[in-house]
Amino acid sequence: LHSSHCFVFRAWGARLLESEVSPGIMADYDESVYDLAKDLLVEDGEKDIADYLSEGEGDDFHKLEPPSSLDESFPNTVVVGNLPKVGEAKMAKLMGVLNKLIDKFGPNEKHMPTNPETNETYGFVIVTFEDGECAAAAKQLNGMQLDKAHCFKVKSMDEFNEIADRPDEFIPQRTLNSFSRHDFRTWLSDKKCREQILLRYTKANVAETEIYWHDTMAGGPVLCYGGEAQKAAGKVWCDWRVLWSPQGSYVATFHQQGIALWAGPDFEKKVRLPMNNVQEIDFSPNEEFVLMWNGSHPSSNPDTAVAIFHILTGRCVRKCRTPMVTPGGGDFPHFLWSSDGKYLAEMTDSRILVRDTETWELIKDAEGKGAPLKFNNLSTFQWSPKGNVLAAWTLEKDNSHPARLVLVEIPSRAELASRSRTQCEAVMHWQSEGDYLCLQVTKLSKTGKRVSTNMEILRTREKQIPVDVVTVEDVVKGFFWEGQGKRFSVLTADELGHKPRLLIYVLGPEKCELICTFDLPSNSFNEVIWAPEGQYFVIASKSAAGGASSSGDLLFAGLTVDNKLEILHKDEHYMLTDVHWDPSSRYIITAVTQPFSTDQGGYKYSMEAGYALWTFQGRNLYRQQKEKLFQVTWRPHPPSLLPPKKQIDIRKNIKQHSKKYDALDEQAKETARSAFRREREEKTRSFKLVLDRLADWKVEKEEENGWRKAQDAFNENQEWTQEEERHEEQLGVTEELIS
């Protein structure tokens, strides 16, 4: 072949070696490589090249050397893009600037192509260095700001094909490992509509963590998962505490090395979040992040006391010290999440620091700079349960600065409303939907004595946020909003703690009205627990944390459509510590739990520890004593996907929608009854068989020892007489008039 065609021939030789020709066809060409090569060239329209092929037989096809591999890389060349597009007049000036920036990396040649249609450059320059090290060093220019409109983009020539072949539609690639969540909520599609219960207790000095189905047809909870996989592997599922995430997607278990999150129908480990000696955790409401705290005191100031992890990737996104102040008092939490998880706030005695969870920077002020919200003598703050609104309460200072309630919208920092008060104490109570905020203000005399209490209800969704004021002369023991409703309850007593009463109010379109009062039978009642869906509630006598034991009195009650109070049932659960409604508002757990072994005072609850399950009407379904019971909680539900109008329609037509489930319940009950009858009949039959065998054995023994003959002879010698008497007695007479 002519030397100019050597490359082409080698390329076609490679095709011959790599071609997927069947063995039979290849055999036809064993004696003529020439014919096979010529046919392939003609097939691809390269007939002129075929003329250069030698007509000799050549070497044996199978003995041909493999094709040479060519180096198609350009390691010494880079492309500098995002340059200004200039004409011929400004090209020399632009090239001068580029020479100063690029030539310091080594000798090079530059080529800046021009668009013949516009006579301007394309906006890039191709730079070829003498060696690859200089080209690699030139990539330092990537990201350099030439002016306000142009920022260098430097890529190697070898990356050109990959960039040019990218599709027009951008498809982002995940660079961080994560896990699938496709089966996280399969438990919600349970055909029996059962809820799940988590138990944490100690049995035979072994800590157990178990998750049960609440199955009313089975007569008690049915075990769903109890760490069987971990036990089989000789491991411990949980070292200390265990918690549900806010929407029930994860179970978080505490370990010495950190936190593990479990999910799915088989509760598989999805991610481990490392942090030594975790004491408390707090999920964001959308379950995107989890905040962990190791219990360090603010005075010790370790920079790693608080860590925030992104759950899907397991990446730590922020670490910081323990803040000096907690918004709600106590030891935890120091930070509060907004309802959508987009913001995280902490406080000092004069500022609220709100951070955006995308950048973890402070929200910006009017000047565009990150800055905190400033308040004088700040006491506490709370987020609205629905919406990014902060409610801050500041304390009174001297006579010049009264106590104030301030509502602030985030991130605009706009002040929505404020109220000032003097000589008072105050507590804030948000309604579950964020429609109302109650400021419970207790007026004080100059000597500090409590005078009266005002409930100031702010209608936060209405224009200019109007306020309803309810005055209560008695001592207010507790304020409790109805779940998703417009009603609230108040527990009161006189100054001596006697005459306990329940007051229930409703917020109408124009004013707040008292709808019912009820004199409680005992002074021990200290809490009203409303169902998540409203209407029904439990009045309970609970033991305070670290306080005196309670009588455990329980009142199950509800309100009718026309706001009339109904007491459904009265019961007790001695030394009661916990009352929890299930998310569907159908069932209630009451429990006596004790603190963990690391806490003092847990021994006094150990003998009474256990839990009970009730219907919302107060019918007891199940009760079990569990010594050293630490936790018992329902699995939370995620927010409903149904629009509000559809939910309202279902509530109005609940009887129609419930027919299907009533039929399923009746079918399940009949199945259970049939199984019970079969079991009873089988046991009865087995018992009768035993009696028959005993009777046969008795007859056999009587014949062997002559007892039967002796008995008959004895009876014949006795003068027995058989007499029958009949007694009749009239029990009653009923007369009915038949028309």
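Residues numbered from 1 in each chain as written. Predicted model: local features only at pLDDT ≥ 70, side-chain atom pairs only at ≥ 80, totals over all residues. Heavy atoms only, no water.

A. Seen up close, the overall build of the chain. Within the chain one finds 12 helices and 44 strands. The proportion of buried residues among the 739 residues of the chain is 39%. Sequence-distant contacts, at least 24 apart, represent 46% of the contacts inside the chain between residues at least 6 apart. Per element, the accessible surface of the chain, about 45,000 Å² overall, is 50% carbon and sulfur. (Helix = DSSP H or I, 4+ residues; strand = E, 2+ residues; numbered from the N terminus. Buried < 20%, exposed > 50% of the residue type's maximum accessible area, 1.4 Å probe, protein only. Contact = heavy atoms within 4.5 Å. Areas by Shrake-Rupley, 256 points an atom, 1.4 Å probe, with all protein chains shown as cover.)

B. Representation of a negative patch on the surface. Together, E109, E130, D131 and E133 make up a region of like negative charge exposed at the surface. With respect to the secondary-structure elements, E133 resides in helix α6 (residues 132-138). On the basis of relative accessibility, which here comes to 67%, the residue E133 falls in the exposed class. (Patch = residues over 30% accessible without salt bridge, like charges linked within 9 Å, V, L, I, M, F, W, Y side chains within 5 Å. Salt bridge = Lys/Arg side-chain N within 4 Å of Asp/Glu carboxyl O. Lys, Arg positive; Asp, Glu negative; His and termini not counted. Charge placed at Lys NZ, Arg CZ, Asp CG, Glu CD.)

C. Region of interest: the packing of aromatic side chains. For the structure shown, the criterion picks out 22 aromatic pairs. Residues Y611 and Y622 carry aromatic rings whose centres are separated by 6.0 Å and whose planes lie at 50° to one another, so their mutual orientation is tilted. Of the two residues, Y611 sits in strand β42 (residues 610-615) while Y622 sits in strand β43 (residues 620-625), which places them 11 residues apart along the sequence. By relative accessible area, which is 2% here, Y611 ends up buried. What links up through ring pairs into an aromatic cluster is the set Y436, F479, W481, F488 and Y505. Geometry around W213 places R194 over its ring, the cationic atom sitting 4.4 Å from the centre. (Phe/Tyr/Trp six-rings, centres within 6.5 Å; stacked < 30°, edge-to-face > 60°. Lys NZ or Arg CZ within 6 Å of the ring centre and 35° of its normal.)

D. Structural view of unusual backbone geometry. The omega angle of the peptide bond from F332 to P333 is 5°, so this bond is cis rather than trans. Relative to the assigned elements, P333 resides in the loop between β19 (315-320) and β20 (336-337). Cis geometry is adopted by the peptide bond preceding P411, which originates at I410 and carries an omega value of 10°. By secondary structure assignment, the location of P411 is in the loop between β26 (403-409) and β27 (415-421). If you check the backbone angles, N205 has positive phi at about 65° while not being a glycine. By the secondary structure assignment, N205 is in the loop between β9 (195-203) and β10 (206-214). Accessibility expressed as a relative area gives 70% for N205, which makes it exposed. Of note, the phi angle at M575 is positive, near 60°, even though the residue is not glycine. As for its position among the elements, M575 is in the loop between β39 (565-572) and β40 (578-581).

E. Highlighting the pairing of β42. The buried fraction of β42 amounts to six of the six residues, a majority that puts the element mostly inside the structure. In β42, alternate side chains face the same way, and those of G610, A612 and W614 on one face and Y611, L613 and T615 on the other are all buried. Across six bridges, strand β41 (residues 587-592) lies against β42 in antiparallel orientation. When the sheet's bridge partners are listed, I588 is paired in β42 with W614. Pairing of β42 with β43 involves five bridges; the strand directions are antiparallel. Counted as the bridge partner of G610 is Q625 from β43. What sits between the antiparallel neighbours β42 and β43 is a turn of four residues, in which G618 has the positive phi angle 100°. (Pairing = 2+ DSSP bridges.)

F. View of the side chain of D215. Here D215 is to be found in the loop between β10 and β11 (222-225). On the basis of relative accessibility, which here comes to 7%, the residue D215 falls in the buried class.

G. The pattern of salt bridges, seen in detail. This model, assessed by the stated rule, comprises 30 salt bridges. A salt bridge links K231 to E208; the shortest N-O distance between them is 2.9 Å. Separated by 23 residues along the polypeptide, K231 in helix α8 (residues 228-232) and E208 in strand β10 bring together distant segments of the chain. Take E208: its relative accessible area is 13%, and that puts it in the buried class. Between K564 and D562 there is a salt bridge, and its shortest N-O distance comes to 4.0 Å.

H. Local environment of the pairing of strand β30 (residues 450-459). For β30, the buried fraction is high: eight of the 10 residues fall into the buried class. Examined bridge by bridge, strand β29 (residues 436-444) and β30 share eight bridges and lie antiparallel to one another. When the sheet's bridge partners are listed, Q440 is paired in β30 with M455. The loop that links β29 with its antiparallel partner β30 comprises five residues; one of these, G448, has a positive phi angle of about 90°. The sheet contact formed by β30 and strand β31 (residues 467-472) spans six bridges and is antiparallel.

I. Broad picture of the sheet that holds strand β36 (residues 527-530). Sheet architecture is open: four strands sit in the order β36-β37-β38-β39, paired in antiparallel fashion. Every interior strand has two partners, whereas the edge strands, β36 and β39, have only one. In this sheet, adjacent strand axes meet at a mean angle of 20° when their direction is disregarded. Looking at chain direction, β36 and strand β37 (residues 536-540) are connected through four bridges and run antiparallel. From the neighbouring strand, E527 faces β37, where its bridge partner is A540. (Axes fitted to C-alpha atoms, helices over the stretch in contact; angles between N-to-C directions.)

J. Representation of the sheet that holds strand β5 (residues 125-129). Read across the sheet, four strands follow the order β2-β5-β1-β8 without closing on themselves; strand pairing throughout is antiparallel. Only two strands of the sheet have a single partner each, and these edge strands are β2 (108-111) and β8 (153-156). Between one strand and the next, the sheet's axes are offset by a mean angle of 25°, whatever the strand orientation. Where strand β1 (residues 77-81) and β8 come together, four bridges link them in antiparallel fashion. Paired with V78 across the bridge in β8 is S156. Here helix α5 (residues 88-102) sits on the sheet in contact with β1, β2 and β5, set at roughly 150° to β2.

K. Looking closely at α5. Between its terminal C-alpha atoms α5 stretches 21 Å, which fits the 21 Å expected from 15 residues at 1.5 Å a residue. For α5, every residue scored as buried is listed here: L94, M95, L98, L101 and I102. Projected onto a plane normal to the axis of α5, the buried residues spread over an arc of 120° and lie on a single side. Set apart from the buried face of α5 by more than 90 degrees, the exposed residues are A89, A92, K93 and K100. Buried residues along α5 sit against β1, β2 and β5. (Expected span 1.5 Å × (residues − 1). Arc of directions from axis to C-beta.)

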